[in-house]
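# Fold and contact review
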Amino acid sequence: MQAERQGAVILIIGGSASGKSECAERCVTALGGARVYLATMEESGGESRSRIEKHRTQRAGRGFRTVECARGLEAAEIAPEEVVLLECLSNLVANEMFLPDGTVREAAVCEALLLQELRALRRRCRALVVVGNILTEEPVSPEPLTAQWLQLFSAVQNQLAAEAEAVYRVTAGIPERLK
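Overview of the structure. Values in this document were obtained by computation on a predicted structure and should not be read as measured data.

### A word on the nonpolar core
- In this structure, L38, L73, L86, L89, V93, L128 and V156 are the most contacted members of the largest nonpolar core, which totals 34 residues.
- Put simply, the parts of the chain that give this core at least two residues each are β1 (8–14), β2 (35–39), β4 (83–87), α3 (89–97), α4 (107–124), β5 (127–131) and α5 (144–163).
- The leading source of residues in this core is α5, at 6 residues.
- The contact partners of V156, leaving out residues within four places of it in the chain, are L89, V93, E111, L114, L115 and L118.
- Core analysis: the second largest hydrophobic core is formed by 19 residues, I12, A24, C27 and A39 among them.

Below, the structure is given as structure tokens:
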């Protein structure tokens, strides 16, 4: 897994507990240089706290600088020489769609905003490694807002995959290059 040019994007996808996060961390480490872990999960209780702690433990000692940025990627302080690991796209999409004040951003507006922010982020760093999901392997909710989020997430991840230099699918910790 390598970044061919400034601003290269590598998308790493997989189902829950597939090993995609560990794979992404190894990828960023292999790329060398300064590493940033761009954390998008907002702590909202026990389960999120547990996942955040798991990821902190997993990357301990690997030289990552952590930047917390649940939404508004333009605010993330990133240097041009840094390799950024964005963990994870599904959280970022949910955070941008479901705003803290309880409003729900329109999907088309949210999609345009997210793609603009992701493209700007990729131009600001040496390489961008994004962790995504394969949601067809997850339980489906009948809730209309969940269906809207799923459609939005899929549109953003598919566009990111189309623009990425490389896409990997991780199953049982084993990456398979799709692009």
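### Topic: the pairing of β5
- Across the 5 residues of β5, 5 count as buried, placing the element largely inside the fold.
- Residues A127, V129 and V131 of β5 are buried on one face, and the alternating residues L128 and V130, pointing to the opposite face, are buried as well.
- Sheet topology places β4 next to β5; 5 bridges connect them, and they run parallel. Each bridged residue has a counterpart across the sheet, and for L85 the counterpart in β5 is V129.

### With respect to the sheet that holds β4
- The mixed open sheet is built from 7 strands, whose spatial order is β3-β2-β4-β5-β1-β6-β7. Two strands lie at the open edges of the sheet, namely β3 (64–68) and β7 (174–177), each paired on one side alone. Each strand axis lies, on average, 25° off the axis of its neighbour in the sheet, ignoring direction.
- Relative to β5, β1 is paired through 5 bridges, and the arrangement is parallel.

About the thresholds
Residues numbered from 1 in each chain as written. Predicted model: local features only at pLDDT ≥ 70, side-chain atom pairs only at ≥ 80, totals over all residues. Heavy atoms only, no water. Core = buried A, V, L, I, M, F, W, Y, C linked by side-chain atoms within 4.5 Å. Buried < 20%, exposed > 50% of the residue type's maximum accessible area, 1.4 Å probe, protein only. Helix = DSSP H or I, 4+ residues; strand = E, 2+ residues; numbered from the N terminus. Contact = heavy atoms within 4.5 Å. Pairing = 2+ DSSP bridges. Axes fitted to C-alpha atoms, helices over the stretch in contact; angles between N-to-C directions.

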